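Observations on the model geometry
One-letter residues, chain by chain:
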Amino acid sequence: MNDLETRSAPARPGALRRAAPALLGYAAVRALGLVVLALWSAVRGKDAYTLLTARWDALWYTRVAELGYGYEVRLPNGDVHSDLAFFPLLPWLERLAAAVSPLSHADGGFVVSLLASLAAAWGIFAVADHVYGRRAGVCAVLLWAVLPVGIVQSMAYSESLFTALAAWSLYAVLTGRWVTAGVLAGLAGLTRPVGLAVVAAVWAAGTAAFVRERATGAAPRRTSFVRERSAVPADGARTGERAGTPATTPRVHAPEGAPRVPRAPGVRLRRVLGMLLAPLGTAGYVLWVGHRTGDGPLGYLDVQAGWRNGFDGGYAFARFVAEKFMSFPSALAGLALILGVGLLVWLYVAGVRQHQPLPLLVYAGVVTALALCASSYFGSKPRLLLPAFPLLLPLALALARLRTPRSVLVVGAVAVASAVYGAFWLNGSGPP
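Naming follows an unreviewed UniProt entry, where the chain appears as Glycosyltransferase family 39 protein of Streptomyces griseoloalbus. Among the UniProt annotations of the chain, the heading Pathway (unreviewed entry) holds the following wording: "Glycolipid biosynthesis; glycosylphosphatidylinositol-anchor biosynthesis." As stated in UniProt under Subcellular location (unreviewed entry), the record for the chain gives "Endoplasmic reticulum membrane".

**As for a nonpolar patch on the surface**
Together, Phe325, Leu335, Ile338 and Leu339 give the surface a local cluster of nonpolar side chains, amounting to about 380 Å² of exposed area. Mapped onto the secondary structure, isoleucine 338 falls in helix α14 (residues 328-353). Since its relative accessible area comes to 44%, isoleucine 338 is described here as partly exposed.

**Structural notes on the packing of helix α7 (residues 159-174) against helix α9 (residues 195-216)**
Where α7 contacts α9, the axes come no closer than 10 Å and their chain directions differ by 0 degrees. Between α7 and α9, the angle is such that the two are roughly parallel. Packed against α7, whose contacting residues are Phe162, Ala166, Ser169, Leu170 and Val173, the element α9 presents Gly195, Val198, Ala201, Val202 and Ala205 at the interface. The residue inventory of the contact of α7 with α9, partitioned by class, reads 8 nonpolar, 2 polar and no charged.

**Overview of unusual backbone geometry**
With a phi angle near 65 degrees, arginine 308 is a residue other than glycine that sits in the positive phi range. Note that arginine 308 resides in the loop between α12 (299-306) and α13 (315-323).

**Thoughts on the packing of aromatic side chains**
Tallied over the full model, the rule gives 18 aromatic pairs. Taking 5.6 Å as the distance between ring centres and 55 degrees as the angle between the ring planes, the aromatic pair formed by tryptophan 60 and tyrosine 71 counts as tilted. Remark: tyrosine 71 occurs in the loop between α3 (57-67) and β2 (72-74) and tryptophan 60 occurs in helix α3; sequence separation between them is 11 residues. Aromatic side chains tyrosine 69 and tyrosine 285 sit 6.0 Å apart centroid to centroid with 45 degrees between the ring planes, which places their arrangement in the tilted category. Of this pair, tyrosine 69 sits in the loop between α3 and β2 while tyrosine 285 sits in helix α11 (residues 280-293), placing them 216 residues apart in sequence. In terms of burial, tyrosine 69 and tyrosine 285 fall into one category: buried. In textbook terms, an aromatic cluster arises when at least three aromatic residues are bridged by ring pairs, as seen for Trp60, Tyr61, Tyr71, Phe86 and Trp307. Of note, arginine 63 hangs over the ring of tyrosine 71, and the distance from its end group to the ring centre comes to 3.9 Å. Across the ring face of phenylalanine 210, the terminal group of arginine 271 is positioned such that the distance to the ring centre comes to 4.6 Å.

**Observations concerning the side chain of arginine 30**
Inspection of the secondary structure puts arginine 30 in helix α1 (residues 15-44). Look at arginine 30: it is buried, it has no salt bridge, and the nearest opposite charge is glutamate 159 at 12 Å. The residues contacting arginine 30, other than those within four sequence positions of it, are Ala145, Gly150, Ile151, Gln153 and Ser154.

Cut-off values and rules
Residues numbered from 1 in each chain as written. Predicted model: local features only at pLDDT ≥ 70, side-chain atom pairs only at ≥ 80, totals over all residues. Heavy atoms only, no water. UniProt positions renumbered as here; feature names shortened; annotations may be inferred. Patch = residues over 30% accessible without salt bridge, like charges linked within 9 Å, V, L, I, M, F, W, Y side chains within 5 Å. Areas by Shrake-Rupley, 256 points an atom, 1.4 Å probe, with all protein chains shown as cover. Salt bridge = Lys/Arg side-chain N within 4 Å of Asp/Glu carboxyl O. Helix = DSSP H or I, 4+ residues; strand = E, 2+ residues; numbered from the N terminus. Buried < 20%, exposed > 50% of the residue type's maximum accessible area, 1.4 Å probe, protein only. Axes fitted to C-alpha atoms, helices over the stretch in contact; angles between N-to-C directions. Parallel < 35°, antiparallel > 145°, perpendicular 65-115°, else oblique. Contact = heavy atoms within 4.5 Å. Nonpolar A, V, L, I, M, F, W, Y, C, P; charged D, E, K, R; others polar. Phe/Tyr/Trp six-rings, centres within 6.5 Å; stacked < 30°, edge-to-face > 60°. Lys NZ or Arg CZ within 6 Å of the ring centre and 35° of its normal. Lys, Arg positive; Asp, Glu negative; His and termini not counted.

This is the structure we're talking about:
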């Protein structure tokens, strides 16, 4: 229902110009967040740059970049925190930045995150623009920017880098660029364990394409996994149809007069190659960890167990929420958690009802499942959900229908609230 064959979307001239409103809006929101963080930290007598680059996971990434793997901390309760839990792509880039510039490794991590966050915003725009049109693409980027934990996008963490690679890999899948999708999925797999979600999206899309060809007897095509639709009108109002349903006039990505390429040679071979490349990053690092620890292919799971990380189907999280209802003040937090999970489920179901392309549904579903069903520290779950940007598309469509002044007012108000919360958060408990 959501992987129908349509025109492919060749690269358009002025792609950066088309994405400029989204990127400028994103930069403005992130600049606001950094300014508020600097002011708040100054009042508290703390250094904002240290909060962004030299605390929590950022310290582990920097240590790997400087000294390589092999550091661990043994806690009194017997837990072992090993740096092998942290995937290598961000430390590699930090080391590269320090090697070719006067930046320190921590500085390099900050610069990589800033650049990666812009690349992620562009990738999110590209995906949303391809599926629902330019206005929805801008709204999706702004919504990602104003998330309550959006300040993490500016930290020397791997979330921005991973989201950039995931978004562009998904865009490559949506437009039939299988080898590019596989390479980017492989790099995403070198960034975070949730790289499995990108691999799953590539494999689901590839499998669906093969099944469709077998069922219809058609020759392989370079396909676009999206229904034909029209863009949301400039005034934000779409009349006579529901969001996500096919419009009467299809929006065509290709420039006027561009030739259609109904049957590209070697499509099946490139699809297979992309699917084979996709899991290499995750598999390669996991197998290397197993070899290094001497625990075989499952050695990485033992490393994560030392951090009390695992996949229990959500049992630990459910128990954590249930315990909140043992007293009245904490019961409010428990209720908020239930409402938050309900919102995530509603957004995912809304995406299904709006016929989001299959790769986006698979990716968002796996990211959400891994975040909610892991037994890791529960305060980190909002951060772990940050890459699940397809969940924002139903909200982006709703925001795109508002008149521009009203949508600007909504985004501006939420951006201020997000900036204040981010400054309060980092100066308090902060992201683990």
